[in-house]
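# Observations on the model geometry
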Amino acid sequence: TFRAALFDLDGVLVDSARLHFVAWKRIADELGIPFDADDNEALKGVDRMGSLEHILRLGGRTLDLSAKEHLAARKNGFYLDALTTMSDADVLPGAAALLAQARDRGLLLGVASASRNAMVVLERAGLSNAVDFVADAAKVAHSKPAPDIFLACVTALGVASDECVGFEDAAAGVDAIKAANMVAIGIGDSQVLAKADLIFAATAEVDLDRVLRLSPARPQ
Ligand code: G6P
Ligand code: MG
């Protein structure tokens, strides 16, 4: 049986992709690199430096590490400014209910986000008390698709990987969940998330009973 449910944050619990996009768009504009909402799709689940590198690739540009660090920090400044406007209105439909229902079923709840701002986002969204543990992306060695951030939740919650189910909206995140030997629930496009064990179109569509009837992963 499942003992823990682990959630990606951006795109699963909170609608923050737009705020990330606006911040990256300012950086791309400064660099003279065309960047639109479609380009932004590729940045879902990708960490800050990886996202910047993707934008630079789009523009055929290379920069040295200190220039990249400067831009990544500038983007984060824009994003943090935008977060001051975030509220519980930015919680995705059904997300608060899903967390409450999962807790009600006795599951431990963890957040496994690539965002180093996960704690701030959860606080702004009014969800910090709705979960038991928030993994710190700054403390893991490898970002998604590596399993590290999900395994950080496993350690902190005192459960085994095969007792967990993970929820993700990004392909790299589904890969991370599978690499951690967990059941993966995809939220979004069934083609993008084809490797998930079960897919729902949106957080509001998640049927937790159906999820909990899935067989957990086999112990490794
Ligand atoms: C999430 C988002 C990405 C974002 C990443 C890092 O995975 O989906 O779009 O780039 O977090 O966020 P951060 O807040 O650390 O810059
Ligand atoms: Mg996400």
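To be clear, the structure that these remarks concern was listed above.
Let me sum up the structure you'll find in this document. All values derive from a computational prediction rather than experimental measurement.

## Overview of the overall build of the protein chain
Helices and strands together make up the secondary structure of the protein chain, namely 9 helices and 6 strands. Against the globule reference of 17 Å for 220 residues, the protein chain gives a C-alpha radius of gyration of 17 Å, in line with a compact fold. Considering only C-alpha atoms, the protein chain reaches an extent of 50 × 35 × 30 Å along its principal axes. Evaluated residue by residue, the protein chain yields a buried proportion of 44% over its 220 residues. By sequence separation, contacts in the protein chain at least 24 residues apart represent 61% of the contacts at least 6 residues apart.

## Digging into the site of ligand 1
Taken together, 16 residues sit near ligand 1, with Asp10, Arg48, Ala114, Ser115 and Arg116 positioned nearest. A class-by-class count of the residues in the shell around ligand 1 yields 4 nonpolar, 7 polar and 5 charged.

## With respect to the nonpolar core
Within the largest apolar cluster, 69 residues are counted, with the highest numbers of intra-cluster contacts made by Ala5, Phe7, Leu13, Val111, Phe150 and Met182. Considering every element that reaches this core, the biggest residue donor is helix H7 (residues 148-157), with 7 residues. Setting aside chain neighbours within four positions, we find Phe150 in contact with Leu6, Ala112, Gly166, Ala176, Ile177, Ala180 and Met182.

## Focus: the packing of helix H1 (residues 17-31) against helix H4 (residues 65-83)
Packing of H1 against H4 brings their axes to within 9 Å, and their N-to-C directions diverge by 140°. Of the possible angle classes, the one that applies to H1 and H4 is oblique. As for how H1 packs across H4, the hand of that crossing is right-handed. Seen from H1, the contacting residues are Leu19, His20, Val22, Ala23, Trp24, Arg26 and Ile27; seen from H4, they are Leu71, Arg74, Lys75, Phe78, Tyr79, Ala82 and Leu83. The residue makeup of the contact of H1 with H4, split by class, is 10 nonpolar, 1 polar and 3 charged.

## A look at the environment of Val183
With respect to the helices and strands, Val183 occurs in strand E5 (residues 183-187). Val183 gets classed as buried once you count the C-beta atoms within 10 Å, which come to 23. In this structure, Val183 is in contact with Val165, Asp197, Leu214, Pro216 and Ala217, ignoring residues within four places of it in sequence.

The rules behind each value
- Residues numbered from 1 in each chain as written.
- Chains lettered and ligands numbered in written order.
- Predicted model: local features only at pLDDT ≥ 70, side-chain atom pairs only at ≥ 80, totals over all residues.
- Helix = DSSP H or I, 4+ residues; strand = E, 2+ residues; numbered from the N terminus.
- Rg over C-alpha atoms; globule rule 2.2 N^0.38 Å.
- Buried ≥ 20, exposed ≤ 12 C-beta atoms within 10 Å, placed from the backbone.
- Contact = placed C-beta atoms within 7 Å.
- Near = placed C-beta within 6 Å.
- Nonpolar A, V, L, I, M, F, W, Y, C, P; charged D, E, K, R; others polar.
- Core = buried A, V, L, I, M, F, W, Y, C linked by C-beta atoms within 7 Å.
- Axes fitted to C-alpha atoms, helices over the stretch in contact; angles between N-to-C directions.
- Parallel < 35°, antiparallel > 145°, perpendicular 65-115°, else oblique.
- Left-handed = near helix turned anticlockwise from the far one by under 90°.

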